[in-house]
Amino acid sequence: MASLVRMARNLFSSSFYSHLLKDRAVAQPATKTIQNAVSQPLSVVRNNITQQIKSKLRSEKQLFFTSSASLFKSYNFRNRRLPVTKAREAYATQNTAVELALNSVVKVFTVSCSPNYLLPWQNKSQRETMGSGFVILGRKILTNAHVVADHTFVLVRKHGCPTKYRAEVKAVGHECDLAILTIESEEFWDGMNPLELGDVPFLQEAVAVVGYPQGGDNISVTKGVVSRVEPTQYVHGASQLMAIQIDAAINPGNSGGPAIMGNKVAGVAFQNLSGAENIGYIIPVPVIKHFISGVEENGKYIGFCSLGLSCQTTENVHLRNHFSMRPDMTGVIVSKINPLSDAYKILKKDDIILSFDGVLLANDGTVPFRNRERITFDHLVSMKKPNEKAIVRVLRDGQEHELSIILQPIQPLVPVHQFDKLPSYYIFAGLVFVPLTQPYLHEYGEDWYNTSPRRLCERALRELPKKANQQLVILSQVLMDDINAGYERLAELQVLKVNGTEIDNLKHLRQLVQSCNAEFLRIDLDDERVIVLNYEMAKRATSSILKRHRIPSSVSIDLDTE
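Everything quoted here is computed from the prediction, not taken from an experiment.

Undergrad: Can you help me understand the overall build of the protein in this one?
TA: In terms of regular secondary structure, the protein is built from 17 helices and 28 strands. Relative to its full complement of 562 residues, the protein shows a buried share of 47%. Look at the contacts in the protein between residues 6 or more apart in sequence, and 62% of them connect residues 24 or more apart. Surface exposure of the protein reaches about 28600 Å², of which carbon and sulfur atoms provide 48%.

Given below as structure tokens:
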């Protein structure tokens, strides 16, 4: 009992006391009551304090406390400096998140099977993963793309229910790491309520991440505050889109769960920062809405638009003077343009982009965003819909021009991911030809940038396409046989020509090989290397090589059906 009385005395003698009881007429009677009640029970002390406070406030027509119990509850004994409003806000956020989550957030069970890019006719071992998701309008479940990537079977379980329901993946956007699931069972939807999408939270606003992280099977709520809002590298799709950084860890299993602020969704949890503590990222509502609206309008995921430009900042004063930029001008320099983009026909190298859709660009490539925040202008581009026009004002040779550019999603020469599809390949005389992709390079391990073939890696990251449907085709390996003896060290080289004709892609290479009418087939490789085969002998050897290596077909399904 003495300890409780000391607790009450400390309460009213601390800085917290002066914060809550600013009125000395209220504070003095309460202090005096505590000083005279050291040996009294805590309930008596509390009642006396309550009566004196109520009496004084009633006489002055003020309402400060409704009861002394609320005063004791509002004080955090472990951290006396915690403001009452912050404590109540965090408590309310957590409770609201839990109430909403119980009838919306689900656990996703995925069985997936990824392809083997070094042996493209095979798959890797089947694996099981778990994630989270939540119900949105239209009887749909929103989750992360990486939760269902390369899926073969997907199940969903709602909170408090032992039954798992079969789910179908309706749409997947790997660039934005989002996916939509549907469930046909009417029983599943009984009692399920959709969550409403909100707005982008401001800095230091509290959010609650709800999901099923590893370490347990029940639902979990993690609180955090917004630390940063800016474009971030999405690990799954290797894209640069807006993301929200929070000081709550996003653990495996949390992926796909909602981040709730108030009674609305502020984002979708999707990744954390490797090597850091309590730094997680959520996908903001603008990216979510862009993904959902694109699926609804087109029936499938289309992608995020790009100008197809590489730009350089103009922060150096001599650089700005060289390009005749006035002191009041700001912008960035166009250094490289993707030939497949509409901008390739309109913009030129060394153009200075001054504004995008009327929004002025700073010399570092950023534009204003909310209250004294800035964000790269790529965010404005990515939020455009496919085939939508953008007005770009540029400085060219000292003259200003206003140009209109049609925006489209642009595919790179070397794909950065190949989820949910089988790799392409073509085998002839034991020579295995595949298109170069980043997943192929990833087969060299986590440090693939340093361990994969240097020349292929550089081309994958920097080379631009020259025409539509172009691929970099490589000779990935040689399945040894008498017909190809001596060529085994020519693997991992790019294929340039077949019988003197430059190849466009793997399909074109196959056509050139099959249409050969000469005695010998000549294949020109990178680094001035050459392969020459007797065509008829090579055709006969192909079937025996396939049989020996238990390969079902010499060509992948996608090429065989074209």
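Undergrad: Got a minute to help me understand the pattern of salt bridges in this structure?
TA: Two side chains bearing opposite charge may form a pair once their charged atoms approach each other closely. Applying the stated rule across the entire model yields 26 salt bridges. Among the salt bridges present, the one from arginine 396 reaches aspartate 351, with a minimum N-O distance of 2.8 Å. Here arginine 396, found in strand β20 (residues 389–396), pairs with aspartate 351, found in the loop between β15 (332–337) and β16 (352–356); they are 45 residues apart in sequence, far enough to count as distant. Each member of the pair, arginine 396 together with aspartate 351, is buried. Where aspartate 526 meets arginine 455, a salt bridge forms, and the shortest distance between an N and an O atom there is 3.2 Å. Placement of aspartate 526 in the loop between β27 (520–525) and β28 (530–534) and of arginine 455 in helix α14 (residues 454–462) is noted, with a sequence separation of 71 residues between them. Classification of aspartate 526 as buried rests on a relative accessible area of 9%. Accessibility expressed as a relative area gives 43% for arginine 455, which makes it partly exposed. A cluster of three or more residues bridged by salt bridges with shared partners is formed by Arg455, Arg459, Asp526, Asp527 and Arg529.

Undergrad: What is the right way to read the nonpolar core from this model?
TA: Where a protein is soluble and globular, its nonpolar side chains tend to be buried together. Counting 64 residues, the largest nonpolar core has Ile246, Phe291 and Phe356 as the members making the most contacts within it. Setting aside residues no more than four positions away along its own chain, phenylalanine 291 makes contact with Leu142, Ala171, Val172, Gly173, Cys176, Leu178, Ala179, Ile180 and Tyr301. Membership of the second largest hydrophobic core comes to 51 residues, among which are Ala460, Ile474, Ile503 and Leu546.

Undergrad: What am I meant to see in the layout of surface pockets here?
TA: Any empty space left between atoms is shown by rolling a water-sized probe over those atoms. By volume, the second largest pocket is sized at about 1300 Å³. Arg127, His146, Val235, His236 and Phe419 are, among the 41 residues lining the second largest pocket, the residues nearest its centre. Elements with a minimum of two residues in the lining of the second largest pocket: β2 (127–136), α7 (145–148), β12 (264–272) and α12 (438–442). Per-element tally for the lining of the second largest pocket: the top contributor is β2, with four residues. Across the lining of the second largest pocket, the residue classes break down as 15 nonpolar, 20 polar and six charged.

Undergrad: Got a minute to help me understand the packing of aromatic side chains in this structure?
TA: Given two aromatic rings, their pairing is described by the distance between the two centres and the angle made by the two planes. In this structure the tally under the stated criterion is 10 aromatic pairs. Seen from their ring centres, tyrosine 234 and phenylalanine 270 are 4.6 Å apart, and the 40° between their planes marks the pair as tilted. Residue tyrosine 234 is located in strand β9 (residues 220–234), and its partner phenylalanine 270 is located in strand β12; the two are separated by 36 residues in the primary sequence. For the pair shown, tyrosine 234 and phenylalanine 270 are each scored as buried. Across the ring face of phenylalanine 109, the terminal group of lysine 164 is positioned such that the distance to the ring centre comes to 4.0 Å. When the ring centre of phenylalanine 202 is taken as reference, the NZ or CZ atom of arginine 370 above it lies at 4.5 Å.

Undergrad: Explain the pairing of strand β19 (residues 373–376) here, please?
TA: Working note: regular strand, side chains alternate between the two faces of the sheet. Here β19 shows a clear split, with Glu373 and Ile375 buried on one side and none of Arg374 and Thr376 buried on the other. Note: strand β18 (residues 366–369) against β19, four bridges, orientation antiparallel. Bridging across to β19, proline 368 finds its partner in arginine 374. In sequence, β18 turns back onto β19 through a hairpin of three residues, with arginine 370 there showing a positive phi of about 60°.

Rules and cut-offs
Residues numbered from 1 in each chain as written. Predicted model: local features only at pLDDT ≥ 70, side-chain atom pairs only at ≥ 80, totals over all residues. Heavy atoms only, no water. Helix = DSSP H or I, 4+ residues; strand = E, 2+ residues; numbered from the N terminus. Buried < 20%, exposed > 50% of the residue type's maximum accessible area, 1.4 Å probe, protein only. Contact = heavy atoms within 4.5 Å. Areas by Shrake-Rupley, 256 points an atom, 1.4 Å probe, with all protein chains shown as cover. Salt bridge = Lys/Arg side-chain N within 4 Å of Asp/Glu carboxyl O. Core = buried A, V, L, I, M, F, W, Y, C linked by side-chain atoms within 4.5 Å. 1 Å grid on protein atoms, 1.4 Å probe; cavity = no way out; pocket = protein on both sides within 12 Å on 5 of 7 lines; lining within 4 Å. Points joined across faces, edges and corners; volume = space filled by probe spheres on them. Nonpolar A, V, L, I, M, F, W, Y, C, P; charged D, E, K, R; others polar. Phe/Tyr/Trp six-rings, centres within 6.5 Å; stacked < 30°, edge-to-face > 60°. Lys NZ or Arg CZ within 6 Å of the ring centre and 35° of its normal. Pairing = 2+ DSSP bridges.

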